[in-house]
Amino acid sequence: MIVRIAASLSLMIAACVVVGCGGSSSSSGGRVTLNWWAYNEPSGSFTKAAKRCNQQAGGRYVIKFNALGKDADTQRQQLVRRLAAKDSSIDLMSMDVVWTAEFAEAKWILPWPKALAAKVKRGTLSGPYRTATYQGRLWAAPANSNTQLLWYRKDLVKNPPKTWDALIDTASKMKKGGRIEIQGASYEGLTVWFNALIASAGGKILDGPSTPAFDRSSATAARIIRKLARSKAADPSLSTQQEDQNRIAFESGSAAFQVNYPFIYPSAAMDKLTGFKQKDIGWAPYPKVDEEHPLLAPVGGFNWGVGAYTKHPKEAFAAAMCLRDAGSQRLFATLGGLPPTLAALYSDKKFVKSYPFAALIRKQLDSGGVRPQTPAYADVSLAIDTVLSPPGSLSPKDAVSRLTKTVKDALDSKALL
């Protein structure tokens, strides 16, 4: 059974109620101030998008950017505290794609009006759109997406392998740069890896929102994770590695491969220390489990939700539409490397020039492996991390039974962290 922090959360919620959580939304002279709580995207693309939308609003509203923590768990905890306290200062929020079911079930976000929902659906890629829906309704606007590619150094690799086994075997035999960087720490990144492996092996984590569905595909996924962790291709710090550490190791030349998000591409343009440049980066599809099953790569990103307790829902929905339009998504992609959710941008020649792997990204997002949609997702992910960590000690033989029991315990608790 997973140990929870419900008591601490209750105290924090109570404190929020007594002293208030942050500034409140306001209106003055007909102009509404909308508080937008979002991940502090390092390139500044979010704040630039807010400034752009403020200029286009013509005084109807002003979006005030409020930065959330750096990692997804911290961001979620900050929002949950405020929303559970019915904080009206949350007009808009950036939501990780896996929060939709939880926030909708808890009534912390407003469902999108049918007319606006229809506009959002038109032209939005399938994978990102599915992440924003729950029980047949749209609860958030897909603003940017994410998927992982296999990135490789052109100076070390000519023809990147297509399957995980071939990739691990190839890297293990290399004399230079024979490492594969990937997220092996006990956090959401490890669940993302595991879910993509299961989906690409023909399985899934849940059958519906509350029933574990682990089968031999889970054992296949566990085998691949352990094989990499115990191979010469593993980073010695695999069990603590996250996305940015992967990027740094790749740029330094100690790793010829990394499985990571597109943010690494614009980041390379800013690397002045190692001499590593964008022209040195090659890219290929996310590795397949085998040749029998189709690739189902990870689908990530952020959706914009409208707070259930906002005093300005009409303006909040209008602002969310601007913050996810083509102009805003172009900023997210070219500055921060975050893939668009709008299909039309992938055919834009100017955009493709600055985002040369656009066609591959679109293909993976349209058929990607979306993570389970359940109100208890946070607990499910934590349960999976518990079984998979550390990756080198994982037992494929016992993985199915352990995952089934641990995830079932998490689901039966029906607790929202």
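Residues numbered from 1 in each chain as written. Predicted model: local features only at pLDDT ≥ 70, side-chain atom pairs only at ≥ 80, totals over all residues. Heavy atoms only, no water.

What to know about the overall build of the chain
Turning to step 1, where the next piece is worked out: Per the secondary structure count, the chain includes 17 helices and twelve strands.
Turning to step 2, where the next piece is worked out: Relative to its length of 417 residues, the chain is compact, with a C-alpha radius of gyration of 21 Å against a globular reference of 22 Å.
Turning to step 3, where the next piece is worked out: Counting only C-alpha atoms, the chain reaches 70 × 50 × 35 Å along its principal axes.
Turning to step 4, where the next piece is worked out: Here the chain has roughly 17600 Å² of accessible surface; of this, 53% comes from carbon and sulfur atoms.
Turning to step 5, where the next piece is worked out: Across the chain, 54 positive and 33 negative side-chain charges occur, with their mean positions spaced 5 Å apart. (Helix = DSSP H or I, 4+ residues; strand = E, 2+ residues; numbered from the N terminus. Rg over C-alpha atoms; globule rule 2.2 N^0.38 Å. Areas by Shrake-Rupley, 256 points an atom, 1.4 Å probe, with all protein chains shown as cover. Lys, Arg positive; Asp, Glu negative; His and termini not counted. Charge placed at Lys NZ, Arg CZ, Asp CG, Glu CD.)

Notes on the sheet that holds strand 9 (residues 180-181)
Turning to step 1, where the next piece is worked out: One open sheet accounts for four strands, arranged 9-10-8-11; its pairing is mixed. The strands lining the two open edges of the sheet, one partner per strand, are strand 9 and strand 11 (281-284).
Turning to step 2, where the next piece is worked out: Pairing of strand 9 with strand 10 (residues 257-260), which is carried by two bridges, proceeds in the parallel orientation. Within the sheet, the bridge partner assigned to I180 lies in strand 10 and is F257. (Pairing = 2+ DSSP bridges.)

Concerning the nonpolar core
Turning to step 1, where the next piece is worked out: With 52 residues, the main nonpolar core has W36, F46, Y61, L79, F103 and W304 as its most contacted residues.
Turning to step 2, where the next piece is worked out: With 48 residues, the next largest nonpolar core counts A229, A256, F257 and V407 among its residues. (Core = buried A, V, L, I, M, F, W, Y, C linked by side-chain atoms within 4.5 Å. Buried < 20%, exposed > 50% of the residue type's maximum accessible area, 1.4 Å probe, protein only.)

Quick notes on the packing of helix 16 (residues 377-388) against helix 17 (residues 396-413)
Turning to step 1, where the next piece is worked out: For the pair helix 16 and helix 17, interaxial distance at closest approach is 9 Å and the crossing angle is 155°. Between helix 16 and helix 17, the angle is such that the two are roughly antiparallel. When you trace helix 16 past helix 17, the crossing you get is right-handed. Between helix 16 and helix 17, the residues in contact are D379, V380, A383, I384, T386 and V387 and R402, L403, T406, V407, A410, L411 and S413, respectively.
Turning to step 2, where the next piece is worked out: Looking at side-chain class alone, the contact of helix 16 with helix 17 contains eight nonpolar, three polar and two charged residues. (Axes fitted to C-alpha atoms, helices over the stretch in contact; angles between N-to-C directions. Parallel < 35°, antiparallel > 145°, perpendicular 65-115°, else oblique. Left-handed = near helix turned anticlockwise from the far one by under 90°. Contact = heavy atoms within 4.5 Å. Nonpolar A, V, L, I, M, F, W, Y, C, P; charged D, E, K, R; others polar.)

Let's talk about helix 16
Turning to step 1, where the next piece is worked out: The terminal C-alpha atoms of helix 16 lie 16 Å apart, and with twelve residues this matches the ideal 16 Å at 1.5 Å per residue to within 8%.
Turning to step 2, where the next piece is worked out: When you tally the buried positions in helix 16, you get nine out of twelve residues, the bulk of the element.
Turning to step 3, where the next piece is worked out: Buried within helix 16 are the following residues: Y377, D379, V380, S381, A383, I384, D385, V387 and L388.
Turning to step 4, where the next piece is worked out: The elements touched by buried residues of helix 16 are helix 8 (188-200), helix 9 (216-229) and helix 17. (Expected span 1.5 Å × (residues − 1).)

Concerning the state of the cysteines
Joining two cysteines, a disulfide is a covalent bond between their sulfur atoms.
Turning to step 1, where the next piece is worked out: Following the criterion strictly, the structure yields one disulfide and no others.
Turning to step 2, where the next piece is worked out: Each sulfur of the disulfide joining C53 and C322 lies 2.1 Å from the other. In this structure the cystine formed by C53 and C322 twists about its S-S bond by roughly -100°; its chirality is therefore left-handed. A residue pair is termed long-range when its members are at least 10 positions apart, and C53 in helix 2 (residues 45-56) and C322 in helix 12 (residues 313-323) qualify at 269 residues. Taken as a pair, C53 and C322 share a single burial class, namely buried. (Disulfide = S-S within 2.5 Å.)

A look at the pairing of strand 7 (residues 141-146)
Turning to step 1, where the next piece is worked out: In terms of residue burial, strand 7 counts as a mostly covered element, since six of its six residues are buried.
Turning to step 2, where the next piece is worked out: Across five bridges, strand 7 lies against strand 12 (residues 300-306) in antiparallel orientation. Bridge pairing in strand 12 places N146 opposite G300.

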